[in-house]
Number of protein chains: 4
Amino acid sequence: MSCFQVRTDLALEARESIEKTEEGLRGVTVEEYDHEEIQVHITKVVISSKNGAKAMNKPMGSYITLEAPAMQEADEDYHREISEELARQIRSIIPRADEEQSILVVGLGNRDVTADALGPGVVDNLFVTRHIVREYGKAAYNKERMNQVSGIVPGVMAATGMEAAEIVRGVAGQTKPDLIIVVDALAARSTKRLNRTIQITDTGIQPGSGVGNHRNALTEESLGVPVIAIGVPTVVDAATIVGDAVEKLTWEKEGQSGLRIDSIRTISELNNMYVTGKDIDEVIKRLSFTISEALNLAFEL
Amino acid sequence: MSCFQVRTDLALEARESIEKTEEGLRGVTVEEYDHEEIQVHITKVVISSKNGAKAMNKPMGSYITLEAPAMQEADEDYHREISEELARQIRSIIPRADEEQSILVVGLGNRDVTADALGPGVVDNLFVTRHIVREYGKAAYNKERMNQVSGIVPGVMAATGMEAAEIVRGVAGQTKPDLIIVVDALAARSTKRLNRTIQITDTGIQPGSGVGNHRNALTEESLGVPVIAIGVPTVVDAATIVGDAVEKLTWEKEGQSGLRIDSIRTISELNNMYVTGKDIDEVIKRLSFTISEALNLAFEL
Amino acid sequence: MSCFQVRTDLALEARESIEKTEEGLRGVTVEEYDHEEIQVHITKVVISSKNGAKAMNKPMGSYITLEAPAMQEADEDYHREISEELARQIRSIIPRADEEQSILVVGLGNRDVTADALGPGVVDNLFVTRHIVREYGKAAYNKERMNQVSGIVPGVMAATGMEAAEIVRGVAGQTKPDLIIVVDALAARSTKRLNRTIQITDTGIQPGSGVGNHRNALTEESLGVPVIAIGVPTVVDAATIVGDAVEKLTWEKEGQSGLRIDSIRTISELNNMYVTGKDIDEVIKRLSFTISEALNLAFEL
Amino acid sequence: MSCFQVRTDLALEARESIEKTEEGLRGVTVEEYDHEEIQVHITKVVISSKNGAKAMNKPMGSYITLEAPAMQEADEDYHREISEELARQIRSIIPRADEEQSILVVGLGNRDVTADALGPGVVDNLFVTRHIVREYGKAAYNKERMNQVSGIVPGVMAATGMEAAEIVRGVAGQTKPDLIIVVDALAARSTKRLNRTIQITDTGIQPGSGVGNHRNALTEESLGVPVIAIGVPTVVDAATIVGDAVEKLTWEKEGQSGLRIDSIRTISELNNMYVTGKDIDEVIKRLSFTISEALNLAFEL
């Protein structure tokens, strides 16, 4: 979960907080529609100017969000219908999706922390083909056209001593994929989007604005090929949740600085803490299948 | 984690909230001391009357708490010195600890949810001996006196369709242990005791006051043999954390009912959510070793 | 894997070794047919007399074997068509399969040894319903008729200190299922049936003829309700494989006792060793899904 | 386990098969001694000429083998005394072991196949320091001199679509270690060395003689820095075991070609099969600790 080092908000949430203060915004277009049959709400935010990027506090690029409340619930077929819609959206953002290419899927996060195991889970279920196509040719699959799909779970820095970005850069340098897809669990600002929202973006993963953090970026700029990031918020930062609750109270009542200091103390105890649901193991298992199946479909030619 | 169905507070916390309102309490004795060399603070609460039990909202019995801030940090020897102190405290509460007996260790919780995997982790590292002693005798260990130790991880109801208590009752009925020790992750009321406090009690695990919940108890009454429960708070209930923060604000300022309703709404979204630390995988791995090693030591004759 | 303590051969193999010496056998009927569309060969052996049981060295009862070479290969839908046929065969052997009942599925074996993790894998993927039906009624599933399905993974004696049979007897005693289904990995006599053969029998699991071993039986006699065993051979005993190879050589050449002693020495080194395939992780994952899906289908009313 | 693609024999075994036919061998020196106190037998084979390399069918370099029967048995302290001896031997082969350096440990093998999970297990227990030293300096450890240790588990080609060697080359290219240590499970020729023999060599891992296999090498030549390989035989190739048993029989009796063909048929069925012990989960867990602890000790300055 890059959220563990980096605050990775949803573009959707950034847009909402902006709408409160401004009417419209140049360089940011928003398009929404419902896929009613499968109860999926899709939002496309395109940030096309530096001003838009600044206002949204997000890099220029496309952000597609699928909101699918059904994903929170169990389903016999791990929500195949959502996988299919997700596959369509992923294809819409893949450059030259109809041409044969080599694709590296990166599963970020910590396999040993349930809420953070989404990326590893997706790679575990991925249909990898690169080694077979290279060894035996496409004939091994009875296909005339095949993508070469590979996958890696770089692990977390506490376990490897290396940045995930270092590992991905190294592997990409050796295996020369045409496209990299990074899957990660995200932190949302509120519980209402948890485990039901999938964000796809062609901006890759950008670490926070902290100086010297560029070594951690997983972007086209740092990796040399297009990078698509797929994320699902599975946790809320604990300090954010308490902070927001306190904010609501103190906003309307002025002159409560003493109380606020008290609350800030509570909040600082919450650093490095996160909030997640009690059935998170089931949720991660299901989400991993939904996304890996979508990738498998999206990669078919 | 029984905390997922049952609110399992620390006796320590119950006592603290009482001290605020009353001076002293009949039928409740408290004894505290520091084991300075290893920086462990030990508190023994004994509830010996019904009044005491009512005031504390806890069943009559002994509650030993070890607070060991060092447990939060990594250590080469998984805190052997804390294991040794913990072993002493466990032995002090085991009936007839010097006599040979058969002991069943139950690891409650969900192996697939990191913060809830403490119980299963302890049983994984336990030195089980029952099958060897029964098959080959104590000679197999070159010992004249041996306890017969067995262990079970009953799993969670969502995975088994059965109450953990049903499984434990069944297994105990067949294998007739003289003593049952139940290990579980707990929910604390605040973050300050997280992952550094171990509670040992001879009251077993009592489900909440809910009607009809007696089938879930893991107590001497329900199992027919003494039951010792060992618990470590690894999570805080998310609603509790936000509730407490809000409480602090509204306590001193009256007439803010509108704001409170708003906050209550936030809090109700947090039902079934919990707060835990970002390095919870390391923490659980370490705590499991510390406790299983303490049990291994405590069971030596 | 009960094969680790108990030699659990396939009835199919027992029958084959008999056919070599006798023509026909009273009290043993054999029925075979091909389900050509899905390339599954089905054999039903019914042993209906004590003589038949003695000749086959198997208890009286029904033995259904599905041979499905396709199971050895990967498939997008984890061989749904085989799951459906398997579900039909399981239903054919379940007493009163059309009536509502309570069914306990037991996953034998060791989760930490890949070739032995079939039983645990099946229970992991099982659709358990008992706790929901008991808590909320069948309405929770929008059904008028529902079985109550529960599942348990008792673990291996080295980890629990208890016989799997003790745990199952205890759990069954508490939860009173009408039917128990035991899933286990088996040892075959040769590699040719590995990972492609599923055996279903209503005789449960009988330990070897060793004295005093009755405590280990998982049978209707020991558990008080019908017990169906489902097994797949995933390993071959190493000593058997070498023994068979040597047997072939020495059978036709007499007077080679010196050589045989040499071979026997080799073979005795192989005690407690087994032979399995190099892709056993993929195989077990796939087989677990095929069987758990078959159970889920078979339990629908 | 590179044995899954590559036959990785022990130098010890190569030497033994040679001794049968020749007395002594130029360019190959052998030194043996017992560390009696801890019952470890150490053999150092140095191959210093091309002729020696040809005769041994091994690349030029040093091969240290520790035979420690005790490793097969359980121990309270995961055989700390063997870890200490192993650490000494590892340090003896590390170039400039007393100087600060950056060391990448590679855990080859398949985490999901028990007998092949040795490499991943070692990296899981490794004390990684690189990220801390780079971020906070050696002061974080209160040390004046520290190695920078990192670790990676590249996974198997069936799961990643990439050669382990591609991943290691990429990661090494980015993180520039001074030394690479590769840990892997090996295949032995006979069961007698299983799980009790550790081989350390400065030749890295060389794939078989197959053409075009150089891309798979993990050697100083392919990676640009010294590569030390540490291996433990945990399996025997099934075909080898049967082949050897048959060989013994047919060696002395001539003219049995018909029988041999029959046996060869048996053996070819055993391709891609391996033989391992029934307690392999315990064995791998223990061996992983012994080796990772040895590395932790060897890396201390």
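Residues numbered from 1 in each chain as written. Chains lettered and ligands numbered in written order. Predicted model: local features only at pLDDT ≥ 70, side-chain atom pairs only at ≥ 80, totals over all residues. Heavy atoms only, no water.

Each helix and strand counted, chain A has eleven helices and nine strands in total. For chain A, the proportion of its 301 residues judged to be buried stands at 57%. Long-range pairs, those at least 24 residues apart, make up 74% of the contacts in chain A between residues at least 6 apart in sequence. Per element, the accessible surface of chain A, about 13,100 Å² overall, is 46% carbon and sulfur. (Helix = DSSP H or I, 4+ residues; strand = E, 2+ residues; numbered from the N terminus. Buried < 20%, exposed > 50% of the residue type's maximum accessible area, 1.4 Å probe, protein only. Contact = heavy atoms within 4.5 Å. Areas by Shrake-Rupley, 256 points an atom, 1.4 Å probe, with all protein chains shown as cover.)

Here the focus is the environment of Leu218 of chain B. Residue and element names in this part refer to chain B. Here Leu218 is to be found in the loop between strand S7 (197-201) and helix H8 (220-223). Separated by 14 residues in the primary sequence, Leu218 and Gly204 have C-alpha atoms spaced 5.7 Å apart. In this view, Leu218 contacts Leu108, Ala165, Val168, Val182, Gly204, Ile205, Leu223 and Val227; residues no more than four positions away in its chain are not counted.

All names here are of chain B. Under the defined criterion, the tally for this structure stands at 36 salt bridges over all chains. For Glu100, the salt bridge is made with Lys138, and the minimal N-O distance between the two is 3.0 Å. Separated by 38 residues along the polypeptide, Glu100 in the loop between helix H3 (80-93) and strand S4 (102-107) and Lys138 in the loop between helix H5 (130-136) and strand S5 (148-152) bring together distant segments of the chain. Relative accessible area serves as the criterion here: at 28%, Lys138 is assigned to the partly exposed category. Two residues, Arg111 and Asp124, come together in a salt bridge whose shortest N-O distance is 2.9 Å. You can see Arg111 sitting in the loop between S4 and helix H4 (118-124) and its partner Asp124 sitting in helix H4, a full 13 residues away along the chain. The class for Arg111 is partly exposed, based on a relative accessible area of 39%. (Salt bridge = Lys/Arg side-chain N within 4 Å of Asp/Glu carboxyl O.)

Once that is clear, we can look at the interface of chain D and chain A. Contacts between the two partners involve 23 residues from chain D and, on the opposite side, 23 residues from chain A. Both sides of the chain D and chain A interface together cover about 2,000 Å² of buried area, and 54% of this is carbon and sulfur. Linking chain D with chain A are four salt bridges. Residue Arg130 of chain A is joined to Glu166 of chain D by a salt bridge in which the shortest nitrogen-to-oxygen separation is 2.8 Å. Counting every contact that joins chain D to chain A gives ten residue pairs in polar contact (both at pLDDT 80 or more). Going through the elements one at a time, helix H5 (130-136), strand S5 (148-152), helix H6 (157-160) and helix H7 (164-175) of chain D are the ones with two or more residues in the side of chain D that touches chain A. If you tally residues by element for the side of chain D that touches chain A, the top one is H7 of chain D, at seven residues. (Buried area = accessible area lost by both parts, 1.4 Å probe. Polar contact = N/O pair within 3.5 Å; in protein donor to acceptor, adjacent residues only side chain to side chain.)

For the rest of this paragraph, the subject is the packing of helix H3 (residues 80-93) of chain A against helix H11 (residues 280-298) of chain A. Residues and elements named next belong to chain A. Contact geometry of H3 with H11 gives a least axis separation of 8 Å together with a crossing angle of 50°. Judged by the angle between their axes, H3 and H11 are oblique. The hand of the H3/H11 crossing is right-handed. Mapping the contact onto sequence places Ile82, Ser83, Glu84, Leu86, Ala87, Ile90 and Arg91 in H3 and Phe289, Thr290, Ile291, Glu293, Ala294, Leu295, Leu297 and Ala298 in H11. For the contact of H3 with H11, the residue count by class is ten nonpolar, two polar and three charged. (Axes fitted to C-alpha atoms, helices over the stretch in contact; angles between N-to-C directions. Parallel < 35°, antiparallel > 145°, perpendicular 65-115°, else oblique. Left-handed = near helix turned anticlockwise from the far one by under 90°. Nonpolar A, V, L, I, M, F, W, Y, C, P; charged D, E, K, R; others polar.)

This paragraph deals with the packing of aromatic side chains. All names here are of chain C. In the structure shown here, the tally under the stated rule is six aromatic pairs over all chains. Centre to centre, the rings of Phe127 and Tyr141 are 5.8 Å apart; their planes meet at 75°, and the pair counts as edge-to-face. Remark: Tyr141 occurs in the loop between helix H5 (130-136) and strand S5 (148-152) and Phe127 occurs in the loop between helix H4 (118-124) and H5; sequence separation between them is 14 residues. (Phe/Tyr/Trp six-rings, centres within 6.5 Å; stacked < 30°, edge-to-face > 60°.)

Turning next to the relation of the copies chain D and chain A. Here chain D sits on chain A after a turn of 180° about the axis and a move of 0.0 Å along it, with an RMSD of 0.0 Å. On the angle and the small slide along the axis, the relation comes out as a two-fold axis. If distances are taken from each C-alpha of chain D to the rotation axis, the shortest is found for Gly170 of chain D, at 1.9 Å. (Least-squares fit on C-alpha atoms with pLDDT ≥ 70 in both.)

Three- or four-residue spacings in an α-helix give side chains the same orientation, since the helix completes a turn every 3.6 residues. Residues and elements named next belong to chain C. The end-to-end C-alpha separation of helix H7 (residues 164-175) is 16 Å, in line with the 16 Å expected for twelve residues at 1.5 Å each. All buried positions along H7 are accounted for by Ala165, Glu166, Ile167, Val168, Gly170, Val171, Ala172 and Thr175. Of the residues flanking the end of H7, it is Lys176, one or two places downstream, whose phi is positive at about 50°. (Expected span 1.5 Å × (residues − 1).)

A word on helix H3 (residues 80-93) of chain C. Residue and element names in this part refer to chain C. Taking 1.5 Å as the rise per residue, H3 with 14 residues should run 20 Å; its terminal C-alpha atoms sit 20 Å apart, in good agreement. Every buried residue of H3 is accounted for by Ile82, Ser83, Glu85, Leu86, Ala87, Gln89, Ile90 and Ile93. Considering only its buried residues, H3 is in contact with strand S1 (28-35), strand S2 (40-47), strand S3 (61-67), strand S7 (197-201), strand S8 (227-237) and helix H11 (280-298).

Residue position: Glu166 of chain A is located in helix H7 (residues 164-175). A polar contact of 2.8 Å, which involves the side chain of Glu166 of chain A, links it to the side chain of Arg130 of chain D.

Residues and elements named next belong to chain D. By secondary structure assignment, the location of Glu67 is in strand S3 (residues 61-67). Side-chain polar atoms of Glu67 contact the side chain of Arg193, separated by 3.3 Å. Non-local contacts of Glu67, meaning those with residues more than four positions away in its chain, are made with Leu12, Gln39, Val40, His41, Thr43, Arg193, Arg196 and Thr197.

This part is about the pairing of strand S3 (residues 61-67) of chain A. All names here are of chain A. In terms of burial, S3 is largely enclosed, as six of its seven residues are buried. As paired strands, S3 and strand S7 (residues 197-201) are joined by five bridges and run antiparallel to one another. Bridge pairing in S7 links Tyr63 to Thr201. (Pairing = 2+ DSSP bridges.)

Before going further, it helps to spend a moment on the confidence of the model for chain A. Residues and elements named next belong to chain A. Confidence along chain A averages 84 in pLDDT terms, with 81% of residues attaining 70 or more. Counting interchain partners and residues more than four positions distant, the pLDDT-below-50 stretch residues 208-213 has three contacts. Interface confidence in the predicted complex, given as ipTM, is 0.89; pTM for the same model is 0.88. (pLDDT = per-residue confidence, 0-100.)

All names here are of chain C. For strand S6 (residues 179-188), the buried fraction is high: ten of the ten residues fall into the buried class. Taken together, the five bridges between strand S4 (residues 102-107) and S6 define a ladder with parallel strand orientation. Bridge pairing in S6 places Gly107 opposite Val183. Pairing analysis gives nine bridges linking S6 to S8, with the strands arranged parallel. Across the sheet, Ala187 pairs through a bridge with Val235, a residue of S8.

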